[in-house]
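Chain by chain, the residues:
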Amino acid sequence: MLLGSVALLAQGYTNPVIPGFHPDPSVCRVGDDYYLVTSSFEYFPGVPIFHSKDLIHWTQIGHCLTRDSQLYLEKTGASGGIYAPTIRYHDGVFYMITTNVSSKGNFLVYTTDPAGEWSEPVWLKQGGIDPSLYFEDGKCYMVSNPRSAIYLCEINPQTGEQLTESKILWTGIGGRNVEAPHIYKKDGWYYLMCAEGGTEYGHMETIARSRNIYGPYDSNPANPILTNFRRGAESNPVQGTGHADLVEATDGSWWMVCLAFRPLDGQHYLMGRETFLLPVRWDTNAWPVVNGNGIVNINMNVPTLPQQPTPTPSYSTDFNETTLGFEWNYLRNPRRDNYSLTARKGFLRLKATTVKLDDVDTPTFVGRRQQHINFVAGTTVRLRDASQGDEAGLTVLMNNHSHYDIFVEKGHGSTYRVVLRYRLGELTHIEREIEVPNGNIYLQVTGSRRTYAFAYSTDGKTYQPLGQINTKYLSTETAGGFTGIYLGLYAVAADDGSKAYADFDSFTYEPKAEPERRGRR
Ligand code: 6LW
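Residues numbered from 1 in each chain as written. Predicted model: local features only at pLDDT ≥ 70, side-chain atom pairs only at ≥ 80, totals over all residues. Heavy atoms only, no water.

Thoughts on the site of the ligand
In the vicinity of the ligand, 13 residues are found, and the nearest of them are Asp24, Asp130, Thr199, His243 and Arg273. Surface burial for the ligand is 98%, taken as the share of its 290 Å² of free accessible area covered by protein chains. Per-class residue counts for the shell around the ligand are 6 nonpolar, 3 polar and 4 charged. (Near = heavy atom within 4 Å. Areas by Shrake-Rupley, 256 points an atom, 1.4 Å probe, with all protein chains shown as cover. Nonpolar A, V, L, I, M, F, W, Y, C, P; charged D, E, K, R; others polar.)

Some words on the environment of tyrosine 95
Looking at the secondary structure, you find tyrosine 95 in strand S8 (residues 93–100). Here tyrosine 95 falls in the buried class, since its relative accessible area comes to 5%. Tyrosine 95 sits 37 residues away from serine 132 along the chain, and the two C-alpha atoms are 9.8 Å apart. In contact with tyrosine 95, other than residues within four places in its own chain, are Thr86, Ile87, Arg88, His90, Leu108, Val109, Tyr110, Trp118, Leu133, Phe135, Pro157 and Gln158. (Helix = DSSP H or I, 4+ residues; strand = E, 2+ residues; numbered from the N terminus. Buried < 20%, exposed > 50% of the residue type's maximum accessible area, 1.4 Å probe, protein only. Contact = heavy atoms within 4.5 Å.)

A word on the pattern of salt bridges
Enumeration according to the criterion identifies 22 salt bridges in this entry. Two residues, arginine 335 and glutamate 74, come together in a salt bridge whose shortest N-O distance is 3.1 Å. Here arginine 335, found in the loop between strand S24 (330–331) and strand S25 (339–340), pairs with glutamate 74, found in the loop between strand S6 (59–65) and strand S7 (86–90); they are 261 residues apart in sequence, far enough to count as distant. On the accessibility criterion, arginine 335 (37% relative accessible area) is partly exposed. Judged by relative accessible area, which is 26%, glutamate 74 ranks as partly exposed. Across the salt bridge formed by aspartate 245 and arginine 88, the nearest N and O atoms sit 3.0 Å from each other. Of this pair, aspartate 245 sits in strand S19 (residues 239–248) while arginine 88 is found in strand S7, placing the two residues 157 residues apart along the sequence. With respect to class, aspartate 245 is no different from arginine 88; both count as buried. (Salt bridge = Lys/Arg side-chain N within 4 Å of Asp/Glu carboxyl O.)

Brief notes about empty space enclosed by the protein
Using the criterion set out here, one finds 1 cavity of 30 Å³ or more in the structure. By volume, the largest cavity is sized at about 30 Å³. In terms of lining residues, the largest cavity is bounded by Arg382, Leu383, Val408, Tyr416, Val436, Pro437, Asn438, Gly439 and Ile441. Across the lining of the largest cavity, the residue classes break down as 6 nonpolar, 2 polar and 1 charged. (1 Å grid on protein atoms, 1.4 Å probe; cavity = no way out; pocket = protein on both sides within 12 Å on 5 of 7 lines; lining within 4 Å. Points joined across faces, edges and corners; volume = space filled by probe spheres on them.)

Okay, structure coming up:
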């Protein structure tokens, strides 16, 4: 009954529609099913894929890149690896095209089952980043941005062979970093939509059109069609809007997905770039108008497709399943032997290795995104067979050189301690160390706009605070890069001879309501 009445209302939704680090969204429709992909950088598996019936409620159904043979990330630096993907559907086949900036550049994979396995990579010659595909009359076109401009060529998507020379189409309206090109055809026009301005505060979306796919393309006099750089959006909690894709819904309405970020404490954002949704109408001159004024808001009081809410996901796990949910990721190509959900039933067992979270390598780490401004996350861990200096715990990680860690460490003899440590660029600092008994230790982090607060417990009931630190040192503005915060479980050995492993009994993550705020951001 409730679902029925919600569906009938079909008005309003909240942005972002996919919160947490989910940048560079691309969307396609098959019947009344929508599929969306986002970029994944040094994380494995790569390119998460989501499904929706209404463009508002998204459920992750898998990843496009699940095998080492598709996704080479060995020694990939922070924010290297997989850049922006595009998803398209043609003649019964899904295609996902992207760039591995740390490997051989542009490639595509394809499948008939987007929730299943995708093909081996088909490598492509045309360079640049943010490749996209457009199919027409038996031809497959690729666009990307080599040499700071948008280029087009024809390709064979099965072999990767480039069939025509790369031809320049457009350089945008003069913004820096013209990128994220997509081609659409509507009413006899080829539209070429791009992002410009870089993925920071000056980010925007621009569009040009031509009667011929090879151009010349004429710029929309109303460009940019999307940007929160506009006057009036100064104190909008959403900034950096751009890198968009368009889709026509079953009912003929048009929609845009784009990325944007939410600055939390001043000009600092933590959750990376997230996926937002906006309505699009076409004006009398056949140009698209995005959400009326090209500005993205959190509260979208607009008519929508009939809404089909999906069950609220459980963000917590007791590790009773034999596989981890799709929200969990490794750093670079994981050494699978170091992870087990079956060695001891109901526990995630992580084998400690000498690879640290700081190393551009493959630490024993598995994490999920922070998706809410306010949350409490926790885990129960027991370190076993440890030698002095071995450690296992919970990390709030932006990248290998910016993370806050709360962990259990083996000390001298039979002692153990719980430690709070910060790693910020060149600085590593131990904030607190407290001796604890050998046994289960409960580790907790509470996130808010301004601080991450850390606490531990030996009984799971009474928590002792260990310290809190400003969020801004982990933010994108400070730590750099294209990714967002992960909450991760990890184990590190002090030296090669260690036999240490850690059993994690559970991982909990609970979003919390935001406390009332006074004044502006
Ligand atoms: C992406 C580029 C961009 O490939 O950032 O915001 C790059 N846009 O289009 C990495 O996400």
